[in-house]
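Residue-level structure breakdown
Single-letter residue listing:
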Amino acid sequence: MSERDLRPNAKVTREFLSEAEDLLERLRSGLADLADSVSAEEPPAPDVLNGLFRAAHSLKGLAGMFAVEGVGALAHQLEEVLDALRLGRLAPARSSVALLEEAVEQAAAWLEWVSSPQSPSPGLESAQDLVERVRRLLEGPAEPPSAAAPGSPAEALELDPSIRRALTEYEEHRLGENLRQGRWVHLVEVTFEILSFEQKLSDLTATLREAGEVISTLPAPGDVSEAQIRFSLLVATTLDPDELGERVETHHASVRALNRPHPEEARSHPEEARSTPASRRPAPEAEGAPEESTESSREVESLRSISDTVRVDIRKLDELMNLVGELVIQRAAVGSVASRLLADETTRRFGSELAKLHKTFDRKLQDLQARILDVRMVPLRQVFERLTRVARRLRRELGKEVNLEIRGADTELDKLLVEELVDPLMHVVRNAFDHAIEPPEERVAAGKPAAGTIQIEAFQSGSHVVVQVRDDGRGIDTEAVRARALELGLIGPEDTCSRKELLELVFAPGLSTRSEVSATSGRGVGMDVVRANLVSLGGIVDVDSQLSRGTTISFTLPITLAIIQALLVRVTTQRFAIPLTAVLETLPLEPGTLQRSQGHELLHLRGEPLPVRWLHDEFGWERTPGGKPYVVVVGLGDARLGLVVDRLDGQQDAVIKPIQGPYRTVRGIAGATELGDEGIVLVLDVAGLIEASGRVREAA
Amino acid sequence: MTSNWGDLTWLGDVRPAEDAPTSQEAVRELLLLESRGDTYAVPVERVREIVRVGRVTPVPNLPAEVCGVIALRGEIVQVLDLARCLGRGSGTDAAPTLPAPDAAPPRSARGFRSSRPRIVILQADAGRMSGLRVDRVLDVWRAPEAAFRPAETATAPLVEALVLRDERFVSVLDVDRILGLEHAEYRGPVR
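This report concerns the structure included in the present document. Please read all numbers here as calculations on a predicted model, not as lab measurements.

Some details on the overall build of chain B
Counting its secondary structure elements, chain B contains 2 helices and 11 strands. For chain B, the succession of helices and strands along the chain, N to C, is β-β-β-β-β-α-β-β-β-β-β-β-α. Put simply, chain B has 191 residues, and 49% of those count as buried. Just so you have it, chain B exposes about 9200 Å², and 50% of that area is on carbon and sulfur atoms.

Laid out in structure tokens, this is it:
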């Protein structure tokens, strides 16, 4: 089998990739849960194992359908192992979970390779080796936990043979497991109207899950009319038939006990029925321990709610957005025709009619724009959940006590931006874990609680979203930063730098590499990369830190990339657009008001110095002689900058598009837009300009 | 739709002429271009379309070989000037070396041939594209594999191969090189 054979052909669609990514995400999340239960030496929740098995199974099917054999082979082995785990043929161990996680990452690498052919091909040898290692898990010493129960566990129950025959191997296993743990097994019978059974069944299932484990749901024969359907549910619980009957009373379901467990044993842990979905072994030694709330509260989704959502490729939304953008341009043209007609005595009547239509059209268009933007928005919850998982893993790996607090997970952001935010956030959280939070002894000695805290908070601020990562670790030692910056020649020995300026230096390339500064400053790798990523999205990163108190990193991002209100400006003869969200004010540049400070220009703005840059200089053009230039004051996060332009040309809606071609980034330019008769207007990269101006000042 | 729409004309499929070698020998289809009086070629499979030179918007902070950006059906595309890429000065003041505007096209008028400057839209990686401004588009030629000679990449890094045609060598351009995967990180002139 050559690599070429494994490479998928054109049949691999984007849908495949996005669905596969979802499945990988579910696998990752499930494995993290599994790893947690292994660490806690608890039996894994059947829901988790089931979810994992189903995800692996779907991934296998998907890979098969699209002939992505590398992923298919891995998914197949994953499925086999997960099946053995869920049937209790295999006991989960830390090492096997780690191996499964490795397999999932390998599958992710294959998908990466499928989606972008430039990425390095995942080694075929190592993949096959991995498949083999996963397969070998199955040969390990089997530890059938149900071996204690002789014969089929179901035989001990007063169960109708037709139901018994319908049970799958997994369901039999779960039945045996629950009986072994001394639980009640009840048969819950219920009749629904065909028309509404989906919702009602899922409601009942949800109620039953709160009380225990639903082992099997079977349609039951019975004396019902054609418009009705009857179900039998096998439920294992610590509740006796009367207690369960009370809970399902509103669902009009009947409860019949199939066994009679030793009453003392089953009743000794009544709290279990409330707190967890019945999967846990009644573990007397766990009694006094505080109940850790499960971070992934499993919602029982009804079939109906799934069918209400549509998965849409974000590119389709981009296309819609482009069309709306073009309509916006047309709208402006219609408006100008209307005003021309109005100006002429003979056509005034048509003019005013057209103007009215134009106004209505305008309102609807704005509506449409807002709705499409809304579709692109997703809550940050997904990203935060991923961070939580990484945090859990780091907690295990580093053995540090760190509480992760999350706020504002419902804050919404453009889907594309959310994706791009993952890596920088991950990076910062990892750094905080790795370097900022001190070992417990050190923390206690410093008078802090032994467990560190990392807070991640998101909130909306105007047309931007701010995501902050705050830790209560050792903070950044600005003196160590100064020493290091001197060493690197980033600052001179005579330079006086404010605390803020020194903190900003953390983002300078080479300064914050792990080996050099981590011991003293607590910050780790590649903050320069984090900043570059954010700036490329039109965002900005701020840092604030107090020595031994902690560090706060703030990301400020525009809510969406797609459509913007732009201020049009002219520099020499060319027009440029500045995103209005970044514009704080505009003012005429009065002659003689510009001051110089160490070769850089400043403006006195209400008692504060405002650094000023001429766009002419930025672009290597001659400053226009004479004329009455304007200053456009732009700001992002805490930073302010005045941009000198020759003229202000009003406001327009603009769809920002990337510039295609060999040069992927152009300094000072974020993209381009097409504006009516103007042709292409370049959109200024405000974040980049502010960034560059800060760097110039730092270097000065 | 877009304001530049009228400036751009899709000039038809670039298809090989029928008079190509009829034998079974291996051929590669090349689009022949002219820049500063010399003939160059790009592989046809890398050519997405050929458009007239309309309004090109200059972009600051890019090296001189980029003449600017054009709008192509809603997408914004950078245009490189072939002459400047090859270190031969600007293509815009190339009038003296151009034949008279109405000089007869080489053969029967096929849509894509031109006696005027054109922008050849080249396919880059991952569905992305770039424009290449040339003085004129000559023809499509089915070049026999046997006519290909390796080029001196040390002295002419943008030329992939040389192909003998009518006693003269045609330089086959290295499209990936021109589309500059290696200078993708350019961040403006050093100041």
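Here's the deal with the pairing of strand E2 (residues 212-219) of chain A
Residue and element names in this part refer to chain A. Burial runs high along E2: 6 of the 8 residues are buried. Alignment of E2 against strand E3 (residues 228-237), held across 7 bridges, turns out to be antiparallel. Bridged to Thr217 within E3 is Leu233.

A few points about helix H19 (residues 478-488) of chain A
Residues and elements named next belong to chain A. Within H19 the residues assigned to the buried category are Thr478, Ala480, Val481, Arg484 and Ala485. Considered in projection along H19, the buried side chains sweep an arc of 155° and stay on one side of the axis. Sitting at the head of H19, Asp477 places a side-chain oxygen 3.0 Å from the backbone nitrogen of Glu479. In the stretch just after H19, Gly489 is the one whose phi turns positive, near 75°.

A short note on the state of the cysteines
As used in these notes, a disulfide is a covalent bond between sulfur atoms, one from each of two cysteines. Throughout the structure, instances matching the rule amount to 0 disulfides over all chains. Counting only cysteine sulfurs, B:Cys67 is the nearest neighbor of B:Cys85, a cysteine outside any disulfide, at a range of 8.3 Å.

A closer look at helix H17 (residues 415-436) of chain A
Taking 1.5 Å of rise per residue, 22 residues should cover 32 Å, and H17(A) covers 30 Å from first to last C-alpha, within 8% of that figure. At A:Leu421, H17(A) is bent by approximately 35°, the largest bend along its length, and proline A:Pro424 sits one to four residues beyond.

Some words on the pattern of salt bridges
Residue and element names in this part refer to chain A. Overall, the coordinates contain 41 salt bridges over all chains when judged by the stated rule. Of the charged contacts in the structure, one is a salt bridge between Arg407 and Glu457, with a shortest N-O distance of 3.9 Å. Taken together, the residues Arg407 in strand E6 (residues 402-407) and Glu457 in strand E8 (residues 452-461) connect sequence positions 50 residues apart. For Arg407, a relative accessible area of 39% corresponds to the partly exposed category. The shortest N-O distance in the salt bridge between Glu438 and Lys448 comes to 2.8 Å. Linking Glu438 in the loop between H17 and helix H18 (440-445) with Lys448 in the loop between H18 and E8, this pair joins segments that are 10 residues apart in sequence. Taken individually, Glu438 and Lys448 each receive the classification buried, so the pair is uniform in this respect.

Describing the packing of aromatic side chains
The geometry of two aromatic rings is summed up by the distance between their centres and the angle between their planes. All names here are of chain A. Tallying each qualifying case throughout the model produces 4 aromatic pairs over all chains. Arranged with centres 6.3 Å apart and planes meeting at 50°, the rings of Phe192 and Phe231 form a pair that is tilted. One end of the pair, Phe192, is in strand E1 (residues 184-193); the other, Phe231, is in strand E3, and 39 residues separate them in sequence. Judged on exposure class, the residue Phe192 and its partner Phe231 are both buried. A centroid spacing of 6.1 Å and a plane angle of 45° characterise the contact between Phe576 and Trp621, whose relative ring orientation is tilted. Here Phe576, found in strand E13 (residues 574-579), pairs with Trp621, found in the loop between helix H23 (615-618) and strand E18 (630-636); they are 45 residues apart in sequence, far enough to count as distant. When its relative accessible area of 0% is taken as the criterion, Phe576 is described as buried. An aromatic cluster of three or more residues is present, and its members are Phe576, Phe619 and Trp621. We note Arg86 situated over the ring of Tyr170; from NZ or CZ to the ring centre the distance is 4.4 Å. Across the ring face of Phe350, the terminal group of Arg349 is positioned such that the distance to the ring centre comes to 5.9 Å.

Looking at the sheet that holds E8(A)
Residue and element names in this part refer to chain A. Across the sheet, 5 strands lie side by side as E6-E8-E9-E11-E10; this open sheet has mixed pairing. Across the chains shown, the open sheet's two edge strands, defined by having one partner strand only, are E6 and strand E10 (540-546). Adjacent strand axes in the sheet meet at a mean angle of 15°, parallel and antiparallel pairs treated alike. For E8 and strand E9 (residues 464-471), the ladder comprises 8 bridges, and the chain directions are antiparallel. In the sheet register, Ser461 faces E9, and the bridge partner there is His464. Relative to strand E11 (residues 550-558), helix H22 (residues 527-536) is tilted by about 25°, and along the sheet it contacts E10 and E11.

Regarding unusual backbone geometry
Look at A:Thr572: it is not a glycine, yet its phi comes out positive at around 50°. Along the chain, the position of A:Thr572 falls in the loop between strand E12 (563-571) and E13. The backbone of B:Asn61 shows a phi angle near 60°, a positive value even though the residue is not glycine. Relative to the helices and strands, B:Asn61 is located in the loop between strand E3 (47-52) and strand E4 (66-72).

Thoughts on the packing of helix H16 (residues 381-398) of chain A against H17(A)
All names here are of chain A. Between H16 and H17, whose axes approach to 10 Å, the crossing angle comes to 20°. Taken together, the axes of H16 and H17 lie roughly parallel to each other. Considering the relative orientation of H16 and H17, their crossing is right-handed. Of the residues in H17, those touching H16 at Gln382, Val383, Phe384, Arg386, Leu387, Val390, Ala391, Arg393, Leu394, Arg395 and Leu398 are Lys415, Val418, Glu419, Val422, Leu425, Met426, Val429, Arg430, Phe433 and Asp434.

Here's the deal with the pairing of strand E5 (residues 75-81) of chain B
Judged by how many residues are buried, E5(B) sits mostly within the fold: 6 of 7 residues are covered. Pairing geometry for strand E21 (residues 659-660) of chain A and E5(B), over 2 bridges, is parallel. Its bridge partner lying in E5(B), A:Ile659 is registered against B:Ile76. Inspection of the sheet shows E4(B) paired to E5(B) by 6 bridges, in the antiparallel sense. Paired with B:Gly68 across the two strands is B:Val79, which belongs to E5(B). Here E5(B) pairs with strand E7 (residues 129-134) of chain B via 3 bridges, running parallel. The residue bridging B:Leu80 from the neighbouring strand is B:Leu132, located in E7(B).

A word on the sheet that holds strand E17 (residues 608-614) of chain A
Residue and element names in this part refer to chain A. If you walk across this open sheet you meet the 6 strands as E14-E18-E19-E17-E16-E15, and the pairing is mixed. Each edge of the sheet is formed by a strand with only one pairing partner; in this case those strands are strand E14 (583-588) and strand E15 (594-597). The mean angle between the axes of side-by-side strands here comes to 35°, regardless of whether they run parallel or antiparallel.

Quick word on the nonpolar core
The biggest cluster of nonpolar side chains holds 57 residues, and the ones touching the most others in it are A:Ile578, A:Val634, A:Leu682, A:Leu684, B:Leu31 and B:Val120. Judged by nonpolar contacts, the second largest core, of 51 residues, contains A:Leu421, A:Val429, A:Ile456 and A:Ile559.

What about the environment of A:Ser232?
Position of A:Ser232 relative to the elements: it lies in strand E3. Separated by 23 residues in the primary sequence, A:Ser232 and A:Val255 place their C-alpha atoms 9.8 Å from one another.

Here we look at the environment of B:Val77
One can find B:Val77 in strand E5. Under the relative-accessibility criterion, B:Val77 is labelled buried at 0%. Linking B:Val77 and B:Met129, residues 52 residues apart in sequence, is a C-alpha distance of 6.9 Å. In this structure B:Val77 touches A:Gln660, B:Gly68, B:Val69, B:Ile70, B:Leu72, B:Met129, B:Ser130 and B:Gly131, once residues within four positions along its chain are discounted.

Here is what the cut-offs are and how they apply
Residues numbered from 1 in each chain as written. Chains lettered and ligands numbered in written order. Predicted model: local features only at pLDDT ≥ 70, side-chain atom pairs only at ≥ 80, totals over all residues. Heavy atoms only, no water. Helix = DSSP H or I, 4+ residues; strand = E, 2+ residues; numbered from the N terminus. Buried < 20%, exposed > 50% of the residue type's maximum accessible area, 1.4 Å probe, protein only. Areas by Shrake-Rupley, 256 points an atom, 1.4 Å probe, with all protein chains shown as cover. Pairing = 2+ DSSP bridges. Arc of directions from axis to C-beta. Polar contact = N/O pair within 3.5 Å; in protein donor to acceptor, adjacent residues only side chain to side chain. Disulfide = S-S within 2.5 Å. Expected span 1.5 Å × (residues − 1). Bend = angle between axes of the 7 residues up to and from the residue. Salt bridge = Lys/Arg side-chain N within 4 Å of Asp/Glu carboxyl O. Phe/Tyr/Trp six-rings, centres within 6.5 Å; stacked < 30°, edge-to-face > 60°. Lys NZ or Arg CZ within 6 Å of the ring centre and 35° of its normal. Axes fitted to C-alpha atoms, helices over the stretch in contact; angles between N-to-C directions. Contact = heavy atoms within 4.5 Å. Parallel < 35°, antiparallel > 145°, perpendicular 65-115°, else oblique. Left-handed = near helix turned anticlockwise from the far one by under 90°. Core = buried A, V, L, I, M, F, W, Y, C linked by side-chain atoms within 4.5 Å.

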